[in-house]
Amino acid sequence: MYLTDNDVTALVELRVTPQGGDGYEKLAEKIKKYPQVKTLYLMSGAYDFLVMVSGQNIKEIALFVSGKLASIHEVQSTTTHFILTKYKELGFDLDAKKADERMVVTP
């Protein structure tokens, strides 16, 4: 599934309590299987995982986070940030001025 211009994207931070020596790996395997998950990182800092998710609307993402991610036993807390405007992504300037391709109409 590829993202379209109409999809909503969110970054979800997860604070977890891993179980055992390979707890982060087991959690990552579980989380990355969901089709809504587009990107998954293990990070340093206040949160353990950063998850990029997409959906058709904010409600769909909210239901996924509360129903699937937050319900995982090892997940202590989640923080969700919805992306409002993308200016640059993967090195590409998304705000570049587009050429006006409309035809000139004169009276």
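Attention now moves to unusual backbone geometry. With a phi close to 50°, Leu90 is a non-glycine residue in the positive phi region. The residue Leu90 is located in the loop between β5 (88-89) and β6 (92-93) in this model. On the accessibility criterion, Leu90 (81% relative accessible area) is exposed.

A few words on the environment of His81. Tracing the chain through its elements places His81 in strand β4 (residues 75-82). Residue His81 is classed as partly exposed on the basis of its relative accessible area of 38%. Contact partners of His81, with chain neighbours within four places excluded, come to Thr9, Ala10, Leu11 and Glu13. Within polar-contact distance, the side chain of His81 engages the side chain of Glu13 at 3.2 Å.

Between its first and last C-alpha, helix α2 (residues 58-69) extends 15 Å over 12 residues, near the 16 Å set by a 1.5 Å rise per residue. Within α2, the full set of buried residues consists of Ile61, Phe64, Val65 and Leu69. Here the buried residues of α2 occupy an arc of 95° about the axis, which is enough to place them on one side. Exposed residues pointing more than 90 degrees away from the buried face of α2 are listed as Lys59 and Leu63. Looking at the buried positions of α2, the neighbouring elements they touch are β1 (8-16), α1 (23-32), β2 (37-42), β3 (49-55) and β4. Where α2 begins, one side-chain oxygen reaches toward the backbone nitrogen of Lys59, 3.2 Å away; that side chain belongs to Asn57.

Our next topic: the pairing of β3. With six of seven residues buried, β3 is to be regarded as a mostly interior element. Where β1 lies against β3, seven bridges are found, and the strand directions are antiparallel. When the sheet's bridge partners are listed, Val8 is paired in β3 with Gly55. Two strands pair when backbone bridges link them, and β2 and β3 are joined in this way by five bridges, in the antiparallel orientation.

About the cut-offs
Residues numbered from 1 in each chain as written. Predicted model: local features only at pLDDT ≥ 70, side-chain atom pairs only at ≥ 80, totals over all residues. Heavy atoms only, no water. Helix = DSSP H or I, 4+ residues; strand = E, 2+ residues; numbered from the N terminus. Buried < 20%, exposed > 50% of the residue type's maximum accessible area, 1.4 Å probe, protein only. Contact = heavy atoms within 4.5 Å. Polar contact = N/O pair within 3.5 Å; in protein donor to acceptor, adjacent residues only side chain to side chain. Expected span 1.5 Å × (residues − 1). Arc of directions from axis to C-beta. Pairing = 2+ DSSP bridges.

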